[in-house]
Amino acid sequence: FGIVVWIAFAVLMFAIGSIAAGVIFSIVAVFLIVWLLLVKSRIEFAGICLSYASSVIDKNPSLLGICFGLLVGEIVYIALFVFALASVIDAGITGLVWPLIIFFYWALNVFENVMHVTVSGTVGTEYFSSGLNSNKSPARAALNRALTTSFGSICFGSLLVALTQTARTAVYSMQR
């Protein structure tokens, strides 16, 4: 449907005399057609993956609750961070701004990665042991693994990403 819209806009632009816009819309339509031809063979597999993911969520509604709880935790953390950053700036302690930004990125990445590991663990448990019925709550077990045995790896990886994000933020702020 999207390709048809781009082609229609290209025709419309040519019809009203806007050649440049017509060419741009045409180029985008051609790119979309080429992309569709390249990924056409993967669409069925993507549909199977989406269907399986939906079935895992249907079997484990607690997974949505866990993810929602982590999201609420992120939102509360962001609110606290904004308050802390404003307090530090108001107090004139500029030396704490960059460490706070590192910690901000780090904590957000930890929340996101705990969520990712929990969802991945749930899907993996469902996929590899669906017939065994050995675990009554694979989502809770996956969250437990994410917050215990995998938590050190999650924190370390999140720290590396946070340092990279902070360096990128510093470069962008110096460019302005």
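The following refers to the structure shown. Bear in mind the structure is a predicted one, so any value in this text is a computation, not a measurement.

A look at the packing of aromatic side chains
One pass over the structure, following the stated rule, counts 10 aromatic pairs. With centroids separated by 6.2 Å and ring planes inclined at 70°, the aromatic side chains of tyrosine 77 and phenylalanine 103 adopt a geometry described as edge-to-face. Placement of the pair is tyrosine 77 in helix α4 (residues 62–91) and phenylalanine 103 in helix α5 (residues 97–128), with a sequence separation of 26 residues. Given the relative accessible area of 45%, phenylalanine 103 is considered partly exposed.

Side note on the state of the cysteines
By the definition in use, this model includes 0 disulfides. The thiol of cysteine 67 is not disulfide-bonded; the next cysteine sulfur, from cysteine 155, is found 18 Å away. Since its relative accessible area comes to 17%, cysteine 155 is described here as buried.

Overview of the pattern of salt bridges
Scanning the model with the defined rule gives 1 salt bridge in all. Ionic pairing is found between lysine 59 and glutamate 126, a salt bridge with its closest N-O pair at 3.8 Å. With a gap of 67 residues between them, lysine 59 in helix α3 (residues 43–59) and glutamate 126 in helix α5 connect regions that are remote in the sequence. Judged by its relative accessible area of 12%, glutamate 126 falls in the buried class.

What counts, and where the lines are drawn
- Residues numbered from 1 in each chain as written.
- Predicted model: local features only at pLDDT ≥ 70, side-chain atom pairs only at ≥ 80, totals over all residues.
- Heavy atoms only, no water.
- Phe/Tyr/Trp six-rings, centres within 6.5 Å; stacked < 30°, edge-to-face > 60°.
- Helix = DSSP H or I, 4+ residues; strand = E, 2+ residues; numbered from the N terminus.
- Buried < 20%, exposed > 50% of the residue type's maximum accessible area, 1.4 Å probe, protein only.
- Disulfide = S-S within 2.5 Å.
- Salt bridge = Lys/Arg side-chain N within 4 Å of Asp/Glu carboxyl O.

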